Amino acid sequence: MPGGAADAAVEQRARGLFSDHLRTIQRRTDRLFALLLLAEWVAGVLIALLVSPRSWAGSASRVHTHVWLALLLGGAINAGPWFLIWRRAGAPVTRHVVACAQMLWSGLLIHLTGGRIETHFHVFGSLAFLAFYRDWRVFIPATLVVGVDHLVRGLFWPQSVYGVLTATPWRSLEHAAWVLFEDVFLIRSCREGVAEIWDIARQRARLEKTNEFVEAEVVRRTHELSISESHARASAESVAAANAELERQKAELADARVGAELANRAKSEFLANTSHEIRTPMNGIIGMTDLALGTQLDAEQREYLTTIRECSYALLGLLNDILDLSKIEAGKMELETAAFDLMVAVEGAADVVAHRAAEKGIELVCSIDPRTPRAVSGDPHRLRQVLVNLLGNAIKFTEHGEVVVGTRVEQRTDADATIAFFVSDTGIGIPEDRRDAVFESFTQADGATTRRFGGTGLGLTICRNIVRVMGGDIRLDSEVGRGSTFSFRLTLPQCSPTDVPDRAPGRAAEIPTLSDKRLLVVDDNATNRRVLELMLQSWGCRPVLAEGAGEAYALLRKAADDQRPFDVVLLDVQMPDVSGLDVARTVSGDATYGTPKIVLLSSLGTKREIDPHNDSRCDACLSKPIKQSLLLNTLLEVITGGEPSPALTGAADAAPVTPEGNADSAAELRVLLVEDNAVNRRVATGILGKLQCLVTEAEHGQQALERLEAQTFDVVFMDVQMPVMDGFETTRCIRNDRRWRQLTVIAMTAHAMKGDRERCLEAGMDDYITKPVRMEDMRAILRKWRHKALRASTAPGSMPFPADAPVPAWVLDVEQAVDNLAGDRDLYREVITEFVACLPAQIEALRQAAAGADVQALGRLAHSLKGSASNIGAARAGQLAMELEELARRHDGAAAAALVAELEASLEELRRSVASLVNTGVGADP
């Protein structure tokens, strides 16, 4: 039976069951009321007999009228209902007549008791009994009877109904209101009762239908079983044939699976080869274009080359998106787990797109919640990819205003933190009906958007899938014409800061230098001002905000007049009306503003680029978006007048961008470039030359090893796919030679598929950069590895001591000492030679001072030994000397004498170790 017909049949059966059930209830209720009316008749007569059995007229007496009234009128009231219950039980007219009779009995009992209030409750009880009918209509005649009875008797015979001689009509209305009040609840109860009967009827109808179906199915299956049994023997051969067919299909499926795996492998190889082959010529196109743009060009030539570069970047972005999409569709998108600095990851994503924002004149703001944990565990590369993609879209679709990237901490425990990442803009916005579509492949907000802004529509699809693999989902809030906000929430495990390579700055509690320092933030962008305010407050500073030049002048003058001048002014360069450079010139030239340190904030580049004539004084210049670590380092330097401790600032950002230079020119790196493609060598050489590196070229791995034998290098950029000897084999040869084990080797390859980076790291390379090589990427990789490269140069003659010299690090840390001397190994040799020459006399003087209990002499000697031991890297001896100096300062002679013996033993061990090293020749060949 079709579904609609079956439902109709069930509904019809339910209707019949409902009617039968309700009629049964109403007939049973009729019979109950027949008994109730009889009981009320008897009760009425008894009440009349008890209350007023006889009436007297002088000496004569007779039965009281109430007795006859109860007997005769009660019988008259009951006659009609009894007759209808006998003849038409369950009929609607019977229910209504019973309702009227029941309410008349209430009125009669009230009369017989002289209007006592207790008898009035019989009305409410009668109404409750009528609810047994499950028919709310019976309350209509019942209520009318009560109302008319009380109204008429209340007007003409109030003593009969209220027990008083006079009564107002309002009293009747009051009684009617109480009756209506009860009617409301009883009517609702009746309706719910009917609904329950309907539910019961429907359930029973469905159950009957199910039973019918089950019975029919049992009959059918029994019949089928009998047929199956009759054909069982005949089908035995068919089963054997089916088994054979199944085995054949299984073998075909196995072959198909092998074929699919081969096809998938071929597809992956095809994608990898395609990526490599496309990236190789693109490396030449983009690299040569960048180099050409750095030469003297006229406006037309520069426009042509800029167009070529933009088209090349667009093609590269499309290639990357297609590769990522292929991984997603194949289910090969996997995440790595590593400890990383979350703030560095977010700020690094902003750095990637900073130049694009500056070119469009858009304010790029990095707003990181001060509560955000720094050391977390996850996949920093994929997180950075998502943020860069979202930032790129935000900048692309924003013509003016600002783009903000940041974090908000929603929940944080000792084990993990739930962090909301967001990218908001003031761009064109997305209509509500297109918000889901933008996350689909090859889709943008509309066709006009595609034509105007370009793009394939793959970026957001990739971002959403990456975020979902990470355990989150991207949310979009947008308003057409006012901008959009993309956000996603991730729960990241926290880890120890020591697990994070190149740790970033410490917390504000570790930086007392900035506590209570007054800083003036001058920026026309409200978001920038708020972000800088929160950042400075988290370090213990007291920031004051100004929107423009006029407000800044007023605040500076007032602070100077109040003898509470500002320590530092953070000054935005690009402000309307009066630029930051003009403000800097005015403030530095007028003593009434005080003498604050001035730090310029600009998205236009270095101090030389924004002030080519160098006629505005400033103490430092930072590029937007402002990085917390770099701002912290800069403030420490300009306030203290010296270089801040790397322990507080981190190696990655140890050098702020000052007006006189930049991090890229801190030292010339000696670079070995190993690349078989002539165009790629020319591009990489040009970029490295612009970054002030000294480049030596090699065409393959064997030639690279020959160059390493002959020269000293700080960094090796190693191509992977080369003739004669590829990059993997060459790197393994470098790592197997103890002279080059610490040499920094960076893969430079056009391979960009999953696993390529891991293969490079497994081969012994330190890092990985993909082609086409861009100036920004090369600058970033050199900044990251410059410190290690300068320390670990291991060409012949560069090792400070023989590799097998038996000197424990706790006795003498040579590398740390050389690093403290800015890498000057010749100077270190001079210092350590002088130390060995002076040490015997110092030990003898120490013994004599201890024997004579001369605490002042002990203090002087300990102070001298502390400094010299620290200079050569003797941490243990320096620590003991510092403790001895403290004991001497406190004039604790007994404790100082006890410590001298331990210090003598440490110095003697240090003397023997240093003497053996000096004798072997410091800096000699291994």
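Description of the structure in this document. (Residues numbered from 1 in each chain as written. Predicted model: local features only at pLDDT ≥ 70, side-chain atom pairs only at ≥ 80, totals over all residues. Heavy atoms only, no water.)

### Quick word on the overall build of the protein
Phase 1: Of the regular secondary structure elements, the protein holds 29 helices and 19 strands.
Phase 2: Relative to its 926 residues, the protein shows a buried fraction of 45%.
Phase 3: Within the protein, contacts between residues separated by at least 24 positions form 70% of all contacts whose residues are at least 6 apart in sequence.
Phase 4: Carbon and sulfur atoms provide 55% of the accessible area of the protein, an area that totals close to 46,600 Å². (Helix = DSSP H or I, 4+ residues; strand = E, 2+ residues; numbered from the N terminus. Buried < 20%, exposed > 50% of the residue type's maximum accessible area, 1.4 Å probe, protein only. Contact = heavy atoms within 4.5 Å. Areas by Shrake-Rupley, 256 points an atom, 1.4 Å probe, with all protein chains shown as cover.)

### Notes on a nonpolar patch on the surface
Phase 1: Nonpolar side chains collect at one region of the surface, where Val-148, Leu-151, Val-152, Leu-155, Phe-156 and Trp-157 lie side by side and expose about 650 Å² of accessible area between them.
Phase 2: Inspection of the secondary structure assignment puts Leu-155 in helix α5 (residues 139-156). (Patch = residues over 30% accessible without salt bridge, like charges linked within 9 Å, V, L, I, M, F, W, Y side chains within 5 Å. Salt bridge = Lys/Arg side-chain N within 4 Å of Asp/Glu carboxyl O.)

### Thoughts on the sheet that holds strand β19 (residues 767-770)
Phase 1: Sheet architecture is open: five strands sit in the order β16-β15-β17-β18-β19, paired in parallel fashion. The open sheet terminates on both sides in strands that have one partner only, identified here as β16 (694-698) and β19. Shown here is a sheet whose adjacent strand axes are inclined to one another by a mean of 25°, direction ignored.
Phase 2: As defined by bridge partners, strand β15 (residues 670-674) adjoins strand β17 (residues 715-718) across four bridges and the pair is classed as parallel. Bridge pairing in β17 links Leu-673 to Phe-717.
Phase 3: Taken strand by strand, helix α21 (residues 701-710) contacts β15, β16 and β17, and its axis lies near 135° from that of β16.
Phase 4: On the sheet, helix α22 (residues 727-736) packs against β17 and β18 (744-749) and is oriented at approximately 155° with respect to β17. (Pairing = 2+ DSSP bridges. Axes fitted to C-alpha atoms, helices over the stretch in contact; angles between N-to-C directions.)

### A word on the side chain of Thr-418
Phase 1: Position of Thr-418 among the secondary structure elements: in strand β7 (residues 416-425).
Phase 2: Polar contacts involving the side chain of Thr-418 include one to the side chain of Thr-491, which spans 3.1 Å.
Phase 3: Non-local contacts of Thr-418, meaning those with residues more than four positions away in its chain, are made with Arg-408, Val-409, Glu-410, Gln-411, Arg-489, Leu-490 and Thr-491. (Polar contact = N/O pair within 3.5 Å; in protein donor to acceptor, adjacent residues only side chain to side chain.)

### So, the nonpolar core
Phase 1: Core analysis: the biggest nonpolar cluster contains 43 residues, and Leu-342, Leu-383, Leu-387, Phe-421 and Phe-488 have the highest contact counts within it.
Phase 2: Listed by contribution, the elements that provide at least two residues to this core are α10 (342-360), β4 (363-368), α11 (380-396), β6 (402-412), β7, α13 (459-470), β8 (474-479) and β9 (483-493).
Phase 3: Those residues in contact with Leu-342 that lie beyond four places of it in its chain are Thr-372, Pro-373, Arg-374, Val-376, Leu-383, Ile-419, Phe-421 and Leu-492.
Phase 4: Formed by 26 residues, the second largest nonpolar core is a distinct cluster that contains Ile-843, Leu-858, Leu-884 and Val-900. (Core = buried A, V, L, I, M, F, W, Y, C linked by side-chain atoms within 4.5 Å.)

### Brief notes about the pairing of β4
Phase 1: Extensive coverage of β4 is indicated by the burial of six of its six residues.
Phase 2: What you see with β4 is no split at all: Glu-363, Val-365 and Ser-367 on one side and Leu-364, Cys-366 and Ile-368 on the other are buried throughout.
Phase 3: The sheet contact formed by β4 and β6 spans six bridges and is parallel. Within β6, the position partnered with Val-365 by the bridge is Val-404.

### Here's the deal with α5
Phase 1: Here α5 is 18 residues long and its end C-alpha atoms lie 26 Å apart, about the 26 Å a rise of 1.5 Å per residue gives.
Phase 2: Within α5, the full set of buried residues consists of Phe-139, Pro-141, Ala-142, Thr-143, Val-145, Val-146, Asp-149, His-150, Arg-153 and Gly-154. (Expected span 1.5 Å × (residues − 1).)

### What to know about the packing of aromatic side chains
Phase 1: Across all of its chains, the model carries nine aromatic pairs by this definition.
Phase 2: Here the aromatic cluster, defined as three or more aromatic residues joined through ring pairs, consists of Trp-178, Phe-181 and Phe-185.
Phase 3: The aromatic ring of Trp-86 is capped on one face by Arg-87, whose charged end is 5.2 Å from the ring centroid.
Phase 4: Positioned above the aromatic ring of Trp-740 is the side chain of Arg-739, whose terminal nitrogen or guanidinium carbon lies 4.4 Å from the ring centre. (Phe/Tyr/Trp six-rings, centres within 6.5 Å; stacked < 30°, edge-to-face > 60°. Lys NZ or Arg CZ within 6 Å of the ring centre and 35° of its normal.)

### Some thoughts on the sheet that holds β6
Phase 1: Strand order in the open sheet made by the five strands is β4-β6-β7-β9-β8, with mixed pairing throughout. Each edge of the open sheet is held by one strand with a lone partner, namely β4 and β8. Each strand of the sheet is rotated relative to its neighbour by a mean of 15°, with strand direction disregarded.
Phase 2: When β7 meets β9, the two strands line up antiparallel, connected through nine bridges. Bridge assignment links Ala-420 to a residue of β9, and that residue is Arg-489.
Phase 3: Across the sheet, α10 touches β4, β6, β7 and β9, and the angle it forms with β4 is around 175°.
Phase 4: Across the sheet, α11 touches β4, β6, β7 and β9, and the angle it forms with β7 is around 20°.

### Observations concerning unusual backbone geometry
Phase 1: Cis geometry marks the peptide bond from Lys-624 to Pro-625, where omega comes out at -5°.
Phase 2: Note that Pro-625 resides in the loop between β14 (620-623) and α18 (628-640).
Phase 3: The backbone of Gln-563 shows a phi angle near 60°, a positive value even though the residue is not glycine.
Phase 4: Accessibility expressed as a relative area gives 66% for Gln-563, which makes it exposed.

### Regarding the packing of helix α14 (residues 526-538) against α18
Phase 1: Orientation of α14 relative to α18, taken along the N-to-C sense of each, is 60°, at an axis distance of 12 Å. Accordingly, the angle class assigned to the pair α14 and α18 is oblique. As for the relative orientation of α14 and α18, their crossing is right-handed in sense. Together, Leu-532, Met-535 and Leu-536 of α14 and Gln-628, Leu-631 and Leu-635 of α18 make up the contact between the two elements.
Phase 2: A class-by-class count of the residues in the contact of α14 with α18 yields five nonpolar, one polar and no charged. (Parallel < 35°, antiparallel > 145°, perpendicular 65-115°, else oblique. Left-handed = near helix turned anticlockwise from the far one by under 90°. Nonpolar A, V, L, I, M, F, W, Y, C, P; charged D, E, K, R; others polar.)

### Considering the side chain of Thr-730
Phase 1: If you trace the backbone, Thr-730 turns up in helix α22.
Phase 2: Exposure remark for Thr-730: the relative accessible area of 0% places this residue in the buried category.
Phase 3: Among all residues touching Thr-730, those that are not within four sequence positions of it are Gly-701, Ala-704, Leu-705, Met-718 and Met-725.

### A short note on the pattern of salt bridges
Phase 1: On inspection of all chains with the given rule, the structure shows 36 salt bridges.
Phase 2: Note that Lys-624 is salt-bridged to Asp-572, the shortest N-O span being 2.8 Å. On the criterion of sequence distance, the pair formed by Lys-624 in the loop between β14 and α18 and Asp-572 in strand β12 (residues 568-572) is long-range, its members being 52 residues apart. A single burial state applies to Lys-624 and to Asp-572, both of which are buried.
Phase 3: Taken together, the shared-partner salt bridges in this structure form one network comprising Glu-217, Arg-220, Arg-221 and Glu-224.

### Description of α11
The periodicity of an α-helix, 3.6 residues per turn, causes residues three or four places apart in sequence to face the same way.
Phase 1: Its 17 residues give α11 an end-to-end C-alpha distance of 24 Å, which sits within 8% of 24 Å, the value for a rise of 1.5 Å per residue.
Phase 2: The N-capping residue of α11, defined by a side-chain oxygen 3.2 Å from the backbone nitrogen of His-381, is Asp-379.

### Focus on the environment of Ala-14
Phase 1: Mapped onto the secondary structure, Ala-14 falls in helix α1 (residues 3-51).
Phase 2: When the C-alpha atoms of Ala-14 and Trp-198 are compared, they prove to be 7.4 Å apart, with 184 residues separating the residues in sequence.
Phase 3: Apart from residues lying up to four places away in sequence, Ala-14 is in contact with Trp-198, Ala-201, Arg-202 and Ala-205.

### Observations regarding the pairing of strand β10 (residues 518-522)
Phase 1: Within β10, five of the five residues are buried, which leaves it mostly tucked inside the rest of the structure.
Phase 2: Side chains Arg-518, Leu-520 and Val-522 of β10 all project onto a buried face; the interleaved residues Leu-519 and Val-521 project onto the opposite face, where all are buried too.
Phase 3: The sheet contact formed by β10 and strand β11 (residues 542-546) spans five bridges and is parallel. Among the inter-strand pairings, Arg-518 is bridged to a residue of β11, identified as Arg-542.
Phase 4: In this region the chain leaves β10, passes through α14 and returns to the parallel neighbour β11; the handedness of that crossover is right-handed. (Right-handed = clockwise from strand over helix to strand, strands pointing away.)

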